[in-house]
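An overview of the molecular structure
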Amino acid sequence: MGKVIGIDISKETFDVSWKENGKFKAVVYSNNKKGFDQFSKHLTSDDHCVMEASGPYYLNLAVVLYSKDIKVSVCNPLSVKRFSQMQLSRTKTDKKDAVMIAMYGEMVKPALWEPEAAHIMEMKDILTALESYEKQITMISNQLEAESTCL
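Residues numbered from 1 in each chain as written. Predicted model: local features only at pLDDT ≥ 70, side-chain atom pairs only at ≥ 80, totals over all residues. Heavy atoms only, no water.

Remarks on the packing of helix 3 (residues 77-86) against helix 4 (residues 94-108)
Quick reminder of the rule: Axes, fitted as lines to C-alpha atoms, cover a helix only where it is in contact. Angles between the N-to-C directions of the axes lie from 0 to 180 degrees. The secondary structure listing takes helices from DSSP runs of H or I that are at least 4 residues long and strands from runs of E that are at least 2 residues long, numbered from the N terminus. Comment on the angle field: the value is read as roughly parallel under 35 degrees, roughly antiparallel over 145, roughly perpendicular from 65 to 115, and oblique elsewhere. Residue contacts follow a heavy-atom distance rule, with two residues in contact if any of their heavy atoms lie within 4.5 Å. Lys, Arg, Asp and Glu make up the charged group, whereas Ala, Val, Leu, Ile, Met, Phe, Trp, Tyr, Cys and Pro make up the nonpolar group; the residues left over, Gly among them, are polar.
Look at helix 3 against helix 4: their axes get within 10 Å of each other, and the N-to-C directions meet at 95°. Looking at the two axes, helix 3 sits roughly perpendicular to helix 4. Contact with helix 3, carried on its side by Ser79, Val80, Phe83 and Ser84, involves Met100, Ile101, Met103, Tyr104 and Met107 of helix 4 and no other residues of that element. Residues belonging to the contact of helix 3 with helix 4 are distributed by class as follows: seven nonpolar, two polar and no charged.

Shown next as structure tokens:
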């Protein structure tokens, strides 16, 4: 059986943690293709990577791992947070979060993740862009209204 690897991912980097000889090890990689390649070199098909669905940041790494036949689980951040609270963990660092996610993966054994079809992902991207444009339109309309009342 492979190791369970907790991944705490952010815009620039991702922290990974796994248990080795009863102690947690940790490494930080860049959240880009180079970092993905460096990380995946150390994995086997028996390993299980567990990460949170943290905004858009997890998706590229999850897709790369999935394409390399590495088991991936993408979990609800609230579930991991509640698990962490149950462990009475109060420290909040990326390294500590990666350890908690690894512990969560070992204990909960979350379902495996599969990417959505390309056309579904494209539609979601379009919807996200539309929502962003709507917010910008509202913001500009509010600014124009505020400025017109000042005259």
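Considerations on the pairing of strand 1 (residues 4-9)
Selection rule: Note on exposure labels: buried denotes an accessible area under 20% of the residue type's maximum, exposed denotes more than 50%, and partly exposed covers the range between, all computed with a 1.4 Å probe on protein chains only. Note on pairing: two strands pair once DSSP finds at least 2 bridges between them.
Taking burial as the measure, the six residues of strand 1 include six buried ones, the bulk of the element. Judged by which residues are buried, strand 1 turns out to be covered on both faces: Val4, Gly6 and Asp8 on one side and Ile5, Ile7 and Ile9 on the other are all buried. As paired strands, strand 1 and strand 4 (residues 48-52) are joined by four bridges and run parallel to one another. Bridging across to strand 4, Ile7 finds its partner in Met51. In terms of strand pairing, strand 1 meets strand 2 (residues 13-20) through five bridges, oriented antiparallel. Counted as the bridge partner of Asp8 is Asp15 from strand 2. Hairpin connection from strand 1 to strand 2: three residues lie between these consecutive antiparallel strands.

What to know about unusual backbone geometry
Of note in this structure, Asp69 is not a glycine but carries a positive phi near 60°. Inspection of the secondary structure puts Asp69 in the loop between helix 2 (57-67) and strand 5 (71-75). Residue Lys109 is not a glycine yet carries a positive backbone phi of 50°. With respect to the element layout, Lys109 can be found in the loop between helix 4 and helix 5 (118-150).

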